[in-house]
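The chain contents come next:
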Amino acid sequence: MLRTTFTFGFLVSSTALATETMRIAIGPEVKQARLAGDGLFRGDDDEGARFLPLESPDVTVTRKGGALFVDGSAVSGRAVRFRRGGAIDVNGTRVRGDVVALLGRDGVQLVNVLALEDYLAGVLGSEMPKSFPLEALKAQAVAARTYALHKKLEQYGQPFHLGSSVISQVYGGLASEDPRTREAVEATRGMVLTHQLQPVEAYFHASCGGKTESGAEALGRDLPYLKPVSCPCAKLPQAEWRLELDQRIQVTARSATGRATKVLLDGRPVDAVLLRERIGYMKLKSLWFEVSGKTLSGHGFGHGAGMCQWGAKVLAERGMGYREILGHYYVGTELQTLY
Ligand SMILES: [Zn+2]
C-alpha cells in the first residue's frame, strides 16, 4: 500500500512543473533527422537543462561513427534536446513538446518528450473513431492514459516509454488532434484506472463479438480485472466476418468463451495466437470463429481482452457514462484522479 502511494507520488513529482510527461519514440531509427521551426532552442536531455537559442530555423542531426552531429558539429554525449515555443516539425510530422535526438544502435533515434495529456489528445483519434459518442471517447482516454502510465512505470529510466507504432499506441502528432479528442482528454484529466492502487494493464480492442476474452487466454496476462464480460457489440455488422483459407483447418481446443486456442493446419498442430500472427491480424480478425470446409465465419475484431470499443459505443448510446463503461469492461477496478 505504502509503496504504491510512493510510486504515484514519484510519477507526479518527477518534473518540476508537476506535469506528467511521456517519452515517445518517433518511429524507428533514422539516418538523418531534420527539425524545423522558428526560434529553436538546444540543450541537454534533462528536464532542468539550460537551453540556448539556435540561429537557424532548422537543423539536421546525423550520426557518424559513435557520435551525433548537429549541422555537422559533433555533440558531446549521447543525446541532444530541442525545444521551441510552439510545435516542432520533425521529418515532416509536427509534434508538441521537446524533441530529443539519441545515439541509436545504427542511426539517430528521435524521441518526443511531451505532456501526457497532449500525447493522449494526439493518440485518441488514431485509436477510436472521433465520431464515437463523447462518453466512449472519455472511456478510451482513461484507458489510454492508464496504459501509458503503466508503460512509463515499466520503462522507467529507459530512453523512451512507448513507440509510435501500432504495436504500442499510434501517435501521429498534432495532425491527429481534434476538438472532440481534446474534450474527452480534458474531461478526464489525470484519471487513471487502478487495481490495488496500481495503474492497470488497460488493454482494449475494436470489437469482441459479444463476449470479451480473459487476459490469460488473449494475451497470457492472467489479471483479476481482465475477465470475460458480455457485450452489446454482437449485433453490429462490424462484428461479423468471413475468411476463405487455402489450407484445411480444424479447431482442437477452445477457451471458455469459445475462441480457438489450438488448431490443426493441414494436419499440423498450431497455437491459435500464433496462427493469427501468421495469417495476419487484419485477415484473421479474431480467434472466435466456426469452420466449414475452408471457410471461417467469425465474430469480433482484435484480441478481445479489456474494453471493447464498439461495445463502448453502444453502451454510450444507451446513456451509460464513461465511469460505468470502464467498470463494465475492467471488472473491479477503481477510477482515481492522479493529478
Ligand atoms: Zn464487444
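Only a predicted model underlies this, so the values are computations on that prediction, with no experimental measurement involved.

**Some points on the coordination of the zinc ion**
Step number 1: Binding of the zinc ion to the protein goes through C208 (SG), C231 (SG), C233 (SG) and C308 (SG), at separations of 2.2 to 2.3 Å.
Step number 2: Taken together, the 4 donor atoms surrounding the zinc ion define angles of 104 to 120° at the centre, an arrangement classified as tetrahedral.
Step number 3: Donor residues for the zinc ion sit on one chain with the sequence pattern C-x22-C-x1-C-x74-C. Linking C208 in the loop between β16 (204-205) and α5 (215-219) with C308 in strand β23 (residues 307-308), this pair joins segments that are 100 residues apart in sequence. Across the pair, C308 and C208 agree in class, each one buried.

**Observations regarding the sheet that holds strand β24 (residues 334-337)**
Step number 1: Sheet architecture is open: 3 strands sit in the order β15-β14-β24, paired in antiparallel fashion. Here the strands that pair on one side only, and so sit at the sheet edges, are β15 (198-199) and β24.
Step number 2: Where strand β14 (residues 191-195) lies against β24, 4 bridges are found, and the strand directions are antiparallel. Among the inter-strand pairings, M191 is bridged to a residue of β24, identified as T337.
Step number 3: Against the sheet, helix α3 (residues 134-154) touches β14, β15 and β24, its axis set at about 65° to β14.

**Examining the packing of α3 against helix α8 (residues 322-329)**
Step number 1: Two elements in contact, α3 and α8, have axes whose closest approach is 8 Å; the angle formed by their N-to-C orientations is 55°. With respect to their mutual orientation, α3 and α8 come out oblique. The way α3 lies across α8 gives a crossing that is right-handed. Contact residues: E135, A136, K138, A139 and V142 in α3; Y322, I325 and L326 in α8.
Step number 2: Along the lines of polarity and charge, the residues of the contact of α3 with α8 split into 6 nonpolar, no polar and 2 charged.

**Focus on the pattern of salt bridges**
For side chains of opposite charge, pairing can occur when their charged atoms come near one another.
Step number 1: Taken as a whole and assessed by the stated rule, the structure comprises 16 salt bridges.
Step number 2: Among the ionic pairs, E177 bridges to R96, the shortest N-O distance being 2.7 Å. Residue E177 is located in the loop between β13 (162-163) and α4 (179-187), and its partner R96 is located in the loop between β10 (93-95) and β11 (98-103); the two are separated by 81 residues in the primary sequence.
Step number 3: Looking at E177, the relative accessible area reads 17%, which means it is buried.
Step number 4: For R96, a relative accessible area of 30% translates into the label partly exposed.
Step number 5: For the salt bridge of E317 with K313, the shortest nitrogen-to-oxygen distance reads 2.8 Å. Of the two residues, E317 and K313 both sit in helix α7 (residues 309-317), 4 residues apart, roughly one turn of that helix.

**Here's the deal with α7**
Step number 1: Buried residues dominate α7, accounting for 7 of its 9 residues.
Step number 2: Buried residues of α7: Q309, G311, A312, K313, V314, L315 and A316, and no others.
Step number 3: At its buried positions, α7 is contacted by α2 (116-127), α3, β16, β23 and α8.

Rules used in this analysis
Residues numbered from 1 in each chain as written. Predicted model: local features only at pLDDT ≥ 70, side-chain atom pairs only at ≥ 80, totals over all residues. Heavy atoms only, no water. Donors = N, O, S within 2.8 Å, 3.2 Å for Na, K, Ca; no water. Tetrahedral: all angles 85-135°; square planar, octahedral: opposite > 155°, others 65-115°. Helix = DSSP H or I, 4+ residues; strand = E, 2+ residues; numbered from the N terminus. Buried < 20%, exposed > 50% of the residue type's maximum accessible area, 1.4 Å probe, protein only. Pairing = 2+ DSSP bridges. Contact = heavy atoms within 4.5 Å. Axes fitted to C-alpha atoms, helices over the stretch in contact; angles between N-to-C directions. Parallel < 35°, antiparallel > 145°, perpendicular 65-115°, else oblique. Left-handed = near helix turned anticlockwise from the far one by under 90°. Nonpolar A, V, L, I, M, F, W, Y, C, P; charged D, E, K, R; others polar. Salt bridge = Lys/Arg side-chain N within 4 Å of Asp/Glu carboxyl O.

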